[in-house]
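# Architecture at a glance
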Amino acid sequence: MHPFSKIKKIYSSSELLDIVFHRASRLPLDVPRRATPIVKARKREVTRVRFISDNLVKKLVGMMKKFPNLDDIHPFYRELADVLVGIDRLKEVLASLEGAARVIKKIAREKIREINFSKDPKFAAKARIQAYARISSVIKKLEDRLNFLIDASKTLSRLPTVNTDEFTIVVAGYPNTGKSSFVKSVSSAKPEIAEYPFTTRNIILGHFSYNNNRFQIIDTPGILDRPMKDRNQIELQAITAIRHVANVVVFIIDPSLSCGYPIERQLDLLSEIKETFPTLPVVNVINKVDLIESEYLEEVKKKVDKPIDMVAIQNIGVQEAIEAAIKAIKLQGELRYAKEAAF
Ligand SMILES: Nc1nc2c(ncn2[C@@H]2O[C@H](COP(=O)(O)OP(=O)(O)O)[C@@H](O)[C@H]2O)c(=O)[nH]1
Ligand SMILES: [Mg+2]
(Lines give C-alpha, C1' and ligand atoms only; values in the text may rest on other atoms or scores of the structure.)
(Ligands and ions follow the chains in the order given, each with its own letter.)
Protein backbone atom coordinates (compact mmCIF):
# COMPACT_ATOMS: atom_id res chain seq x y z
CA MET A 1 0.00 0.00 0.00
CA HIS A 2 1.22 3.52 -0.76
CA PRO A 3 -0.32 6.95 -0.14
CA PHE A 4 -2.17 6.96 -3.46
CA SER A 5 -3.42 3.39 -3.48
CA LYS A 6 -6.81 4.30 -2.01
CA ILE A 7 -7.81 6.83 -4.65
CA LYS A 8 -11.36 6.14 -5.82
CA LYS A 9 -12.79 6.47 -9.27
CA ILE A 10 -12.74 10.08 -10.35
CA TYR A 11 -15.83 11.13 -12.28
CA SER A 12 -15.76 13.61 -15.12
CA SER A 13 -18.16 16.57 -15.05
CA SER A 14 -20.54 14.94 -17.48
CA GLU A 15 -20.50 11.62 -15.63
CA LEU A 16 -21.34 13.35 -12.37
CA LEU A 17 -24.22 15.24 -13.93
CA ASP A 18 -25.52 12.21 -15.81
CA ILE A 19 -25.55 9.94 -12.79
CA VAL A 20 -27.08 12.37 -10.37
CA PHE A 21 -29.70 13.96 -12.61
CA HIS A 22 -30.73 10.62 -13.99
CA ARG A 23 -31.33 9.31 -10.49
CA ALA A 24 -33.13 12.49 -9.48
CA SER A 25 -35.57 12.10 -12.35
CA ARG A 26 -36.62 8.70 -11.00
CA LEU A 27 -36.99 9.66 -7.38
CA PRO A 28 -40.00 8.16 -5.66
CA LEU A 29 -42.09 10.98 -4.28
CA ASP A 30 -44.31 9.97 -1.43
CA VAL A 31 -46.52 12.98 -1.20
CA PRO A 32 -49.85 12.56 0.67
CA ARG A 33 -52.50 12.16 -2.01
CA ARG A 34 -54.86 14.58 -0.40
CA ALA A 35 -52.31 17.38 -0.05
CA THR A 36 -52.97 20.60 -1.95
CA PRO A 37 -51.18 21.08 -5.29
CA ILE A 38 -48.75 23.64 -3.83
CA VAL A 39 -47.84 21.39 -0.88
CA LYS A 40 -47.23 18.54 -3.34
CA ALA A 41 -45.15 20.77 -5.60
CA ARG A 42 -43.00 22.07 -2.76
CA LYS A 43 -42.35 18.60 -1.48
CA ARG A 44 -41.49 17.32 -4.96
CA GLU A 45 -39.12 20.14 -5.85
CA VAL A 46 -37.39 20.28 -2.47
CA THR A 47 -36.78 16.52 -2.59
CA ARG A 48 -35.20 16.81 -6.04
CA VAL A 49 -32.97 19.76 -5.24
CA ARG A 50 -31.87 18.23 -1.98
CA PHE A 51 -31.13 14.92 -3.67
CA ILE A 52 -29.01 16.57 -6.38
CA SER A 53 -27.12 18.69 -3.90
CA ASP A 54 -26.50 15.93 -1.34
CA ASN A 55 -25.30 13.44 -3.93
CA LEU A 56 -22.98 15.78 -5.77
CA VAL A 57 -21.49 17.00 -2.49
CA LYS A 58 -21.02 13.41 -1.36
CA LYS A 59 -19.28 12.47 -4.61
CA LEU A 60 -17.04 15.56 -4.67
CA VAL A 61 -15.98 15.24 -1.06
CA GLY A 62 -15.62 11.47 -1.43
CA MET A 63 -13.20 11.82 -4.34
CA MET A 64 -11.20 14.43 -2.47
CA LYS A 65 -11.01 12.53 0.81
CA LYS A 66 -9.42 9.48 -0.79
CA PHE A 67 -6.34 11.52 -1.60
CA PRO A 68 -3.74 11.66 1.16
CA ASN A 69 -2.84 14.92 2.85
CA LEU A 70 -0.08 16.00 0.49
CA ASP A 71 1.87 17.70 3.26
CA ASP A 72 2.02 14.47 5.27
CA ILE A 73 3.19 11.93 2.72
CA HIS A 74 6.73 10.58 2.64
CA PRO A 75 9.14 12.78 0.62
CA PHE A 76 9.74 9.89 -1.78
CA TYR A 77 6.10 9.92 -2.80
CA ARG A 78 5.83 13.70 -2.65
CA GLU A 79 8.76 14.04 -5.02
CA LEU A 80 7.29 11.47 -7.41
CA ALA A 81 3.85 13.08 -7.30
CA ASP A 82 5.44 16.43 -7.95
CA VAL A 83 7.35 15.25 -11.02
CA LEU A 84 4.44 13.30 -12.39
CA VAL A 85 1.47 15.58 -11.85
CA GLY A 86 2.62 18.64 -9.87
CA ILE A 87 1.84 18.93 -6.17
CA ASP A 88 0.67 22.55 -6.32
CA ARG A 89 -1.78 21.88 -9.10
CA LEU A 90 -3.02 18.76 -7.32
CA LYS A 91 -3.60 20.70 -4.10
CA GLU A 92 -5.40 23.45 -5.97
CA VAL A 93 -7.66 20.98 -7.75
CA LEU A 94 -8.52 19.05 -4.59
CA ALA A 95 -9.33 22.29 -2.79
CA SER A 96 -11.55 23.32 -5.68
CA LEU A 97 -13.66 20.17 -5.25
CA GLU A 98 -14.30 21.16 -1.67
CA GLY A 99 -15.03 24.72 -2.77
CA ALA A 100 -17.51 23.50 -5.37
CA ALA A 101 -19.24 21.33 -2.76
CA ARG A 102 -19.67 24.40 -0.55
CA VAL A 103 -21.12 26.46 -3.38
CA ILE A 104 -23.56 23.70 -4.31
CA LYS A 105 -24.79 23.46 -0.73
CA LYS A 106 -25.36 27.20 -0.66
CA ILE A 107 -27.31 27.22 -3.93
CA ALA A 108 -29.46 24.34 -2.68
CA ARG A 109 -30.17 26.13 0.60
CA GLU A 110 -31.27 29.31 -1.15
CA LYS A 111 -33.44 27.58 -3.70
CA ILE A 112 -35.06 25.26 -1.17
CA ARG A 113 -36.09 28.31 0.80
CA GLU A 114 -37.54 29.87 -2.34
CA ILE A 115 -39.45 26.69 -3.07
CA ASN A 116 -40.82 26.55 0.45
CA PHE A 117 -42.03 30.13 0.21
CA SER A 118 -43.54 29.80 -3.23
CA LYS A 119 -47.30 30.14 -3.50
CA ASP A 120 -47.68 28.56 -6.91
CA PRO A 121 -46.46 25.17 -8.22
CA LYS A 122 -45.09 26.98 -11.28
CA PHE A 123 -42.78 29.10 -9.12
CA ALA A 124 -41.66 26.06 -7.17
CA ALA A 125 -40.74 24.34 -10.42
CA LYS A 126 -38.98 27.45 -11.66
CA ALA A 127 -36.84 27.65 -8.51
CA ARG A 128 -35.93 23.99 -8.90
CA ILE A 129 -34.93 24.53 -12.55
CA GLN A 130 -32.79 27.49 -11.53
CA ALA A 131 -31.14 25.38 -8.84
CA TYR A 132 -30.38 22.66 -11.41
CA ALA A 133 -28.90 25.19 -13.84
CA ARG A 134 -26.66 26.83 -11.28
CA ILE A 135 -25.51 23.55 -9.78
CA SER A 136 -24.78 22.13 -13.25
CA SER A 137 -22.72 25.14 -14.13
CA VAL A 138 -20.64 24.69 -10.95
CA ILE A 139 -19.94 21.09 -12.00
CA LYS A 140 -19.23 22.06 -15.62
CA LYS A 141 -16.68 24.59 -14.45
CA LEU A 142 -14.81 21.72 -12.80
CA GLU A 143 -14.38 19.93 -16.12
CA ASP A 144 -10.68 20.65 -16.70
CA ARG A 145 -9.83 20.03 -13.10
CA LEU A 146 -11.66 16.71 -12.99
CA ASN A 147 -9.99 15.62 -16.21
CA PHE A 148 -6.64 16.50 -14.70
CA LEU A 149 -7.58 14.50 -11.61
CA ILE A 150 -8.60 11.48 -13.71
CA ASP A 151 -5.15 11.40 -15.33
CA ALA A 152 -3.37 12.13 -12.07
CA SER A 153 -5.18 9.36 -10.22
CA LYS A 154 -4.30 6.83 -12.92
CA THR A 155 -0.63 7.76 -12.76
CA LEU A 156 -0.38 7.99 -8.99
CA SER A 157 -2.29 4.82 -8.16
CA ARG A 158 0.21 2.83 -10.25
CA LEU A 159 3.24 3.97 -8.25
CA PRO A 160 5.29 1.17 -6.77
CA THR A 161 4.83 0.29 -3.12
CA VAL A 162 8.12 1.13 -1.54
CA ASN A 163 8.14 0.46 2.18
CA THR A 164 9.38 3.71 3.66
CA ASP A 165 9.82 2.13 7.11
CA GLU A 166 12.40 -0.45 6.06
CA PHE A 167 16.10 0.18 5.64
CA THR A 168 16.65 0.46 1.92
CA ILE A 169 19.50 -0.77 -0.21
CA VAL A 170 19.54 0.63 -3.74
CA VAL A 171 21.42 -1.34 -6.38
CA ALA A 172 23.21 0.55 -9.14
CA GLY A 173 25.51 -0.33 -12.03
CA TYR A 174 25.42 -0.64 -15.83
CA PRO A 175 22.91 -3.00 -17.44
CA ASN A 176 23.78 -6.73 -17.37
CA THR A 177 26.33 -6.40 -14.60
CA GLY A 178 24.23 -8.71 -12.40
CA LYS A 179 21.98 -6.38 -10.39
CA SER A 180 18.84 -8.45 -10.74
CA SER A 181 20.73 -11.66 -10.03
CA PHE A 182 22.01 -10.05 -6.84
CA VAL A 183 18.54 -8.91 -5.73
CA LYS A 184 17.12 -12.37 -6.41
CA SER A 185 19.87 -14.04 -4.49
CA VAL A 186 19.37 -11.75 -1.47
CA SER A 187 15.59 -11.72 -1.15
CA SER A 188 13.82 -14.30 0.93
CA ALA A 189 10.66 -14.26 -1.16
CA LYS A 190 10.27 -13.81 -4.87
CA PRO A 191 11.09 -10.15 -5.57
CA GLU A 192 8.12 -7.93 -6.39
CA ILE A 193 8.02 -6.33 -9.77
CA ALA A 194 6.50 -2.86 -9.94
CA GLU A 195 6.11 -0.15 -12.52
CA TYR A 196 8.15 2.97 -12.13
CA PRO A 197 6.65 5.70 -14.24
CA PHE A 198 9.95 6.99 -15.60
CA THR A 199 11.21 3.96 -17.41
CA THR A 200 9.73 1.34 -19.60
CA ARG A 201 11.37 -1.29 -17.45
CA ASN A 202 9.99 -2.33 -14.09
CA ILE A 203 11.69 -1.85 -10.78
CA ILE A 204 12.34 -4.89 -8.67
CA LEU A 205 11.89 -4.92 -4.93
CA GLY A 206 13.15 -7.60 -2.58
CA HIS A 207 12.78 -7.86 1.19
CA PHE A 208 14.75 -9.70 3.85
CA SER A 209 15.43 -9.67 7.60
CA TYR A 210 18.78 -9.45 9.27
CA ASN A 211 19.22 -9.41 13.06
CA ASN A 212 15.53 -8.64 13.50
CA ASN A 213 15.66 -5.63 11.18
CA ARG A 214 13.69 -5.47 7.97
CA PHE A 215 15.52 -4.48 4.81
CA GLN A 216 14.37 -3.76 1.34
CA ILE A 217 16.51 -3.96 -1.74
CA ILE A 218 15.62 -2.08 -4.92
CA ASP A 219 16.87 -2.64 -8.41
CA THR A 220 15.99 0.31 -10.61
CA PRO A 221 16.63 -0.48 -14.26
CA GLY A 222 16.81 2.62 -16.39
CA ILE A 223 17.45 4.85 -13.39
CA LEU A 224 20.90 4.25 -11.97
CA ASP A 225 22.49 2.42 -14.87
CA ARG A 226 23.53 5.23 -17.19
CA PRO A 227 25.58 8.44 -17.11
CA MET A 228 23.72 11.47 -15.77
CA LYS A 229 24.30 13.51 -18.93
CA ASP A 230 22.10 11.07 -20.85
CA ARG A 231 19.14 11.82 -18.64
CA ASN A 232 16.28 14.20 -18.99
CA GLN A 233 14.87 16.36 -16.22
CA ILE A 234 12.20 13.85 -15.30
CA GLU A 235 14.68 11.02 -14.92
CA LEU A 236 16.85 13.22 -12.74
CA GLN A 237 13.90 13.87 -10.48
CA ALA A 238 13.16 10.17 -10.39
CA ILE A 239 16.67 9.75 -9.05
CA THR A 240 16.06 12.46 -6.49
CA ALA A 241 13.00 10.56 -5.31
CA ILE A 242 15.08 7.42 -4.81
CA ARG A 243 17.41 9.44 -2.63
CA HIS A 244 14.58 9.94 -0.13
CA VAL A 245 14.31 6.21 0.57
CA ALA A 246 17.87 4.99 0.04
CA ASN A 247 20.09 4.26 3.03
CA VAL A 248 22.98 2.77 1.08
CA VAL A 249 23.92 2.14 -2.56
CA VAL A 250 25.43 -1.15 -3.68
CA PHE A 251 27.32 -0.48 -6.90
CA ILE A 252 27.94 -3.51 -9.08
CA ILE A 253 30.89 -3.69 -11.44
CA ASP A 254 31.26 -6.35 -14.10
CA PRO A 255 34.94 -6.60 -15.01
CA SER A 256 34.35 -9.52 -17.40
CA LEU A 257 33.04 -7.18 -20.11
CA SER A 258 30.23 -9.65 -20.72
CA CYS A 259 27.90 -6.76 -19.86
CA GLY A 260 29.28 -4.85 -22.82
CA TYR A 261 30.62 -1.81 -20.95
CA PRO A 262 34.34 -1.15 -20.47
CA ILE A 263 35.54 -0.96 -16.91
CA GLU A 264 36.48 2.72 -17.21
CA ARG A 265 32.94 3.69 -18.09
CA GLN A 266 31.62 1.67 -15.19
CA LEU A 267 33.99 3.48 -12.82
CA ASP A 268 32.87 6.84 -14.25
CA LEU A 269 29.29 5.92 -13.46
CA LEU A 270 30.37 4.97 -9.95
CA SER A 271 31.88 8.45 -9.45
CA GLU A 272 28.73 10.04 -10.75
CA ILE A 273 26.55 8.02 -8.42
CA LYS A 274 28.70 9.08 -5.49
CA GLU A 275 28.26 12.71 -6.52
CA THR A 276 24.54 12.22 -6.94
CA PHE A 277 24.15 10.71 -3.48
CA PRO A 278 26.83 12.61 -1.53
CA THR A 279 25.38 11.69 1.86
CA LEU A 280 24.96 7.99 1.17
CA PRO A 281 27.51 5.26 1.74
CA VAL A 282 28.34 3.27 -1.40
CA VAL A 283 29.43 -0.37 -1.24
CA ASN A 284 31.48 -1.51 -4.22
CA VAL A 285 30.96 -5.03 -5.50
CA ILE A 286 32.84 -6.77 -8.26
CA ASN A 287 30.60 -9.38 -9.81
CA LYS A 288 31.25 -12.24 -12.23
CA VAL A 289 34.67 -12.90 -10.76
CA ASP A 290 34.18 -16.47 -12.02
CA LEU A 291 34.72 -15.18 -15.55
CA ILE A 292 38.08 -13.40 -15.17
CA GLU A 293 41.73 -14.15 -14.44
CA SER A 294 42.86 -13.44 -10.90
CA GLU A 295 45.64 -11.05 -12.05
CA TYR A 296 43.11 -8.95 -13.89
CA LEU A 297 40.79 -9.04 -10.89
CA GLU A 298 43.58 -7.71 -8.67
CA GLU A 299 44.24 -4.92 -11.16
CA VAL A 300 40.57 -3.86 -11.15
CA LYS A 301 40.35 -4.06 -7.37
CA LYS A 302 43.15 -1.52 -7.05
CA LYS A 303 40.89 1.06 -8.69
CA VAL A 304 37.99 0.51 -6.31
CA ASP A 305 37.49 1.36 -2.66
CA LYS A 306 37.04 -1.75 -0.41
CA PRO A 307 35.80 -4.03 -3.21
CA ILE A 308 33.85 -7.20 -2.48
CA ASP A 309 34.15 -10.16 -4.86
CA MET A 310 30.90 -11.77 -5.96
CA VAL A 311 29.45 -14.45 -8.20
CA ALA A 312 25.81 -13.50 -7.90
CA ILE A 313 24.48 -16.52 -9.78
CA GLN A 314 26.32 -18.92 -7.45
CA ASN A 315 25.45 -16.98 -4.30
CA ILE A 316 29.17 -16.36 -3.65
CA GLY A 317 29.99 -13.07 -1.93
CA VAL A 318 26.33 -12.08 -1.77
CA GLN A 319 26.18 -12.36 2.00
CA GLU A 320 29.42 -10.33 2.34
CA ALA A 321 28.01 -7.61 0.12
CA ILE A 322 24.82 -7.44 2.19
CA GLU A 323 26.73 -7.37 5.45
CA ALA A 324 28.90 -4.53 4.17
CA ALA A 325 25.79 -2.63 3.16
CA ILE A 326 24.16 -3.17 6.55
CA LYS A 327 27.34 -2.16 8.33
CA ALA A 328 27.47 1.02 6.25
CA ILE A 329 23.86 1.84 7.16
CA LYS A 330 24.60 1.26 10.81
CA LEU A 331 27.73 3.39 10.73
CA GLN A 332 25.84 6.12 8.92
CA GLY A 333 23.14 6.04 11.61
CA GLU A 334 25.70 6.20 14.38
CA LEU A 335 27.48 9.11 12.72
CA ARG A 336 24.24 10.99 12.33
CA TYR A 337 23.34 10.24 15.93
CA ALA A 338 26.74 11.42 17.14
CA LYS A 339 26.36 14.61 15.10
CA GLU A 340 22.93 15.31 16.55
CA ALA A 341 24.15 14.53 20.06
CA ALA A 342 26.99 17.03 19.63
CA PHE A 343 24.53 19.91 19.40
N1 LIG B 1 29.10 -15.89 -15.00
C2 LIG B 1 28.32 -15.07 -14.32
N3 LIG B 1 27.21 -14.57 -14.88
C4 LIG B 1 26.44 -13.75 -14.14
C5 LIG B 1 26.77 -13.42 -12.80
N6 LIG B 1 25.82 -12.57 -12.35
C7 LIG B 1 24.94 -12.39 -13.36
N8 LIG B 1 25.30 -13.10 -14.44
C9 LIG B 1 24.62 -13.16 -15.74
O10 LIG B 1 24.73 -11.88 -16.33
C11 LIG B 1 23.55 -11.59 -17.06
C12 LIG B 1 22.97 -10.26 -16.59
O13 LIG B 1 22.55 -10.40 -15.23
P14 LIG B 1 21.36 -9.53 -14.62
O15 LIG B 1 21.27 -9.92 -13.19
O16 LIG B 1 20.16 -9.66 -15.45
O17 LIG B 1 21.98 -8.07 -14.79
P18 LIG B 1 21.28 -6.63 -14.60
O19 LIG B 1 20.91 -6.15 -15.95
O20 LIG B 1 22.33 -5.78 -13.99
O21 LIG B 1 20.11 -6.83 -13.71
C22 LIG B 1 22.62 -12.74 -16.86
O23 LIG B 1 22.72 -13.58 -17.96
C24 LIG B 1 23.16 -13.43 -15.61
O25 LIG B 1 22.88 -14.80 -15.58
C26 LIG B 1 27.95 -13.96 -12.24
O27 LIG B 1 28.34 -13.71 -11.10
N28 LIG B 1 28.68 -14.79 -13.06
MG1 LIG C 1 18.14 -6.31 -14.20
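Here the residue numbering is sequential within each chain, running from 1 through the sequence in written order. Starting at A for chains and at 1 for ligands, labels are handed out in the order in which the entities are written. Residue-level local features of this predicted model are given only where pLDDT is at least 70; pairs of side-chain atoms are given and counted only at 80 or more, and the full residue set underlies all totals for whole chains, interfaces and linings.

### Details of the packing of helix 3 (residues 75-84) against helix 8 (residues 233-243)
Interaxial angle, 0 to 180 degrees, is taken between N-to-C directions of lines fitted to C-alpha atoms, where a helix line uses only the stretch in contact. Under the scheme used here, helices are H or I runs from DSSP no shorter than 4 residues and strands are E runs no shorter than 2 residues, and both carry numbers assigned from the N terminus. Close contact between helix 3 and helix 8 brings their axes to 8 Å; oriented N to C, the two are set at 170°. On the basis of the axis angle, helix 3 is roughly antiparallel to helix 8. Seen along the crossing, helix 3 lies across helix 8 with a hand that is left-handed. In this structure, helix 3 contributes Phe-76, Glu-79, Leu-80 and Val-83 to the contact, and helix 8 contributes Ile-234, Gln-237, Ala-238, Thr-240 and Ala-241. The labels follow the angle: roughly parallel below 35 degrees, roughly antiparallel above 145, roughly perpendicular from 65 to 115, and oblique for the rest. Left-handed describes a crossing whose near helix is turned anticlockwise from the far helix through less than a right angle; right-handed describes the clockwise counterpart. In this description, any two residues whose backbone-derived C-beta atoms lie within 7 Å of each other are considered to be in contact.

### Some points on the packing of helix 1 (residues 13-25) against helix 5 (residues 121-141)
Their axes nearest at 8 Å, the elements helix 1 and helix 5 cross at an angle of 150°. Taken together, the axis directions place helix 1 and helix 5 in an arrangement best described as roughly antiparallel. With respect to the hand of their crossing, helix 1 and helix 5 are arranged in right-handed fashion. Contact with helix 1, carried on its side by Ser-13, Leu-16 and Leu-17, involves Ser-136, Ile-139 and Lys-140 of helix 5 and no other residues of that element.

### Comments concerning the pairing of strand 4 (residues 213-219)
Once C-beta atoms are placed from the backbone, each residue is buried if 20 or more other C-beta atoms lie within 10 Å of its own, exposed if 12 or fewer, and partly exposed for counts between those two. Here strand 4 lies mainly inside the structure; 5 of its 7 residues are buried. Note: two strands are recorded as paired if DSSP finds a minimum of 2 bridges between them. Two strands pair when backbone bridges link them, and strand 1 (residues 167-172) and strand 4 are joined in this way by 5 bridges, in the parallel orientation. Of the residues in strand 4, the one forming a bridge with Val-171 is Asp-219. Pairing analysis gives 7 bridges linking strand 3 (residues 203-210) to strand 4, with the strands arranged antiparallel. What sits directly across from Phe-208, in strand 4, is Phe-215.

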